[in-house]
Amino acid sequence: MIAFGCRLMTMLGLMLIGLAPASAQGLHIAPRLVAESAEPAAGGATTLALVMKPAPTWHGYWKNPGDSGIETLIDWKLPDGVTAGELAYPVPHTLIVAGLMNYVYEGEYAQLIQLKLPAGLAPGTTLPIRGTAKWLACTKEICVPEKADIAIDLKVGDGRADAALAGNFARWRAAMPKPLGSEGRFAVKGETFRLAVPIPAKLDVADVYFFPLTDGAIDYAAPQAVSRNGDNLIVEVKAGGGAAGLNEVDGVLRIGRDNGLALSAKPGEVPAAGAPVTASSEGAGIGAGGVRTALLALGGAILGGLLLNVMPCVFPILSLKALSLARAGGDGRGARHEALAYAAGAVATCLALGGVLLALRAGGEAAGWAFQLQDPRVILLLLLLTAAIALNLAGLFELPAVAGGQALAAKGGTHGAFWTGALAAFIATPCTGPFMGAALGAALVLPAAAALAVFAGLGLGLALPFLALGFVPALRRRLPRPGPWMDRLRRILAIPMFLTALGLAWLLGQQAGVDGMTLGLSAALLTGFGLWWVGRRQATGRAAAWWPLAPAAAAALALMVAVPREPAVAAASQASEGALGAQPFSEEKLAALQAEGRPVFVYFTADWCLSCKVNEKVAIDRAEVAKAFADANVAVLVGDWTKGDAAIGRFLNQQGRSGVPLYLFYRPGRPVETLPQVLTPGTLTALAA
């Protein structure tokens, strides 16, 4: 209340100084309303941008304006059933006027609004979007309350975004604070407000500043001291008048210019201040240290992508691509073109997955890498793809784009190479390699451009072996000469693909229950029948015709839609005890075990993570490990992320990871120890020694 009273008095004073009506002076901040899609779909949504352009020396205000100012308000007049969400604000800047702190925008900025449409609207229906916007425009000397009518006409259509505005909306979204994904802690001691924000120590930050959304938490004009203690940034500032009674504090932590993290903090223990974090005046969102972090993450992603080539779902595809080069003989130019096309497909797929992941997180989702495997319908799609590839390799039918036949070695083979690389990346990326976990975790807290570079590095690593074959003639000369053995090898390579399909069917059952798995196997059977029909036509010398596959594809699509999103059996997060007597993970349970003074081994897994399951069979669920842990009174917690549990996702983010596996060991009175992603029984028994 004290802060609000101060703000109100300041506002009245400033407005009395320069209260000339906006209509007489003209607008000092020019608004315009822009829609991402001019033809949003019925039952869908589109994003509106209220773009504000201050005149020179003028500025607008953040949602919490600080010691003075007013947030933007809009009085909407919308068609029946159409709703507009709250304004989303970009990361603000600080401006001190007469000793008062203001949270402002001094250049053009955009506030985003989610517009939702009701279902049942007829295509072509006109949607007049109208509203009256009110804001405060100020210089360092005067303030003027302004308002203007904003309007845009939309038409119900297919929901396609306007390609001409894609760059603008990407820039506006990039300026929005990203969700931190984990909870902060704050404490009030005397007149000091202390905030701990979990951010990986390897991430360098610059221009750190905490903008509170909760009024009364801090003294806005007081200087902020920022330091780092391990994986926590500590912010210390003079407490506001109402700080002692708060149960939650929301805000945005700036970690670089126009780069911030939206967070929520609860009362709790805040570590002691550590090494001071020097503020930087660099305008970039990533400084020299951030460049080092990005380069390390890029290197880890390339190495992880390279290791993906030994996975059972990728190795057959890589082998067949190598055989296609052997068939091509000495055509070096064609080999290089195919290698580049294969790499382009792999990189494009990883970029697409990474872009969707960043968009989900920007929208507030605690999504992580391999998010696509947390939807059983995607699992079903992969099951059908791998089953089709396995049947192709087994010789049931011929599909040159996958099989690597003569057409793939011809000049037109670059198309097949591109889609083969894309397919390899799509089905392989969930199997995170030993060096990928930290790299992809770091990518999610880097600026968008650097993060996308890391995702591209993953695709490049996956394509490196084929690039080497395409560009190094000596390696191609070492390939065996073409012969009948190639067909035998092709059929042998069908075995790991069948095993992959079997594993996906099991995973579908884990996520969607027995009914879902039955529907998935039925879809695979129908697809296999259609491909058999195609193969029979090919065997009799008739022209390739894929229409016999249409009924099977339609039935498979219908079954895909029918697959339940939630399992009909017990939740996957209710992990079985196993050899170690593991209990389901929760932060509360972890804290309780630590309070008892017990060492705790925590591991995070998912049914779709191959390396997780290998570690569990080879190292974790072993009698010698269970005995060692029991003798040392080690408690075991398991976090099952098969279905993308949001609480586990936030905890993974707090550890600087975007996916699984992750293995942690907590010793009483000592910092947490992050274990390697490839475990052995000896690694675990040594922990209990």
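Located above this text is the structure these notes cover.
These remarks concern the structure in this document. Starting from 1, residues in each chain are numbered consecutively following that chain's sequence as written. Only residues with pLDDT of 70 or above have their local features reported here, since the model is predicted, and side-chain atom pairs are shown and tallied only from 80 upward, although totals for entire chains, interfaces and linings are computed over all residues. Excluding hydrogens and water, the side-chain values take into account all heavy atoms of the structure.

1. Some details on helix α18 (residues 623-631)
And step 1. Only protein chains enter the area calculation, which uses a 1.4 Å probe; residues under 20% of their type maximum are buried, those over 50% are exposed, and those in between are partly exposed. Secondary structure elements are defined from DSSP: runs of H or I of at least 4 residues count as helices, runs of E of at least 2 residues count as strands, and each element is numbered from the N terminus. Among the residues of α18, Val625, Ala626, Ala628 and Phe629 are the ones counted as buried. Buried positions in α18, seen along its axis, are confined to an arc of 165° and lie on one side of it. Exposed residues on α18 whose side chains face more than 90 degrees from its buried face are Ala623, Lys627, Ala630 and Asp631.
And step 2. Note on α18: the residue one or two positions beyond its end, Asn633, has a positive phi of about 60°. Directions are taken from the helix axis to each C-beta atom, and the arc is the one they span.

2. Focus on the pattern of salt bridges
And step 1. A side-chain nitrogen of Lys or Arg and a carboxyl oxygen of Asp or Glu constitute a salt bridge if their distance falls within 4 Å. Across all of its chains, the model carries 10 salt bridges by this definition.
And step 2. One salt bridge connects Asp75 with Lys77, and the closest N-O pair in it is separated by 4.0 Å.
And step 3. Accessibility expressed as a relative area gives 44% for Asp75, which makes it partly exposed.
And step 4. A salt bridge links Arg622 to Glu624, with the nearest nitrogen and oxygen atoms 3.1 Å apart.
And step 5. Given the relative accessible area of 29%, Arg622 is considered partly exposed.
And step 6. Classification of Glu624 by relative accessible area gives partly exposed; the value is 36%.

3. Quick look at the state of the cysteines
And step 1. When two cysteine sulfur atoms are found within 2.5 Å, that pair is recorded as a disulfide. Across all of its chains, the model carries 1 disulfide by this definition.
And step 2. Shown here is the disulfide that connects Cys138 with Cys143, its sulfur atoms set 2.0 Å apart. In this structure the cystine formed by Cys138 and Cys143 twists about its S-S bond by roughly 115°; its chirality is therefore right-handed. The burial state of Cys138 is the same as that of Cys143; both residues are buried.

4. Some details on the sheet that holds strand β9 (residues 126-138)
And step 1. Pairing between two strands requires that DSSP report at least two bridges joining them. With respect to topology, 3 strands assemble into an open sheet ordered β4-β9-β10, the strand pairing being antiparallel. On the outer flanks of this sheet lie β4 (73-77) and β10 (143-155), each paired with one strand and no other. Direction aside, neighbouring strands of the sheet carry axes that sit 15° apart on average.
And step 2. As judged from the 5 bridges shared by β4 and β9, these two strands associate in the antiparallel manner. Bridge pairing in β9 links Asp75 to Thr132. In this analysis an axis means a line fitted to C-alpha atoms, helices contributing only their contacting stretch, and an angle means the value between N-to-C directions, from 0 to 180 degrees.

5. Observations concerning the nonpolar core
And step 1. Of all hydrophobic cores here, the largest spans 62 residues; its most connected members are Ile129, Phe193, Ile199 and Leu253.
And step 2. Contact criterion: two residues are considered in contact whenever any of their non-hydrogen atoms come within 4.5 Å of each other. Filtering out sequence-adjacent residues up to four positions away, Ile199 remains in contact with Leu180, Arg228, Asp231, Asn232, Leu233, Leu253, Ile255 and Leu261. Residues belong to one nonpolar core when they are buried, are Ala, Val, Leu, Ile, Met, Phe, Trp, Tyr or Cys, and are joined through side-chain atoms within 4.5 Å.

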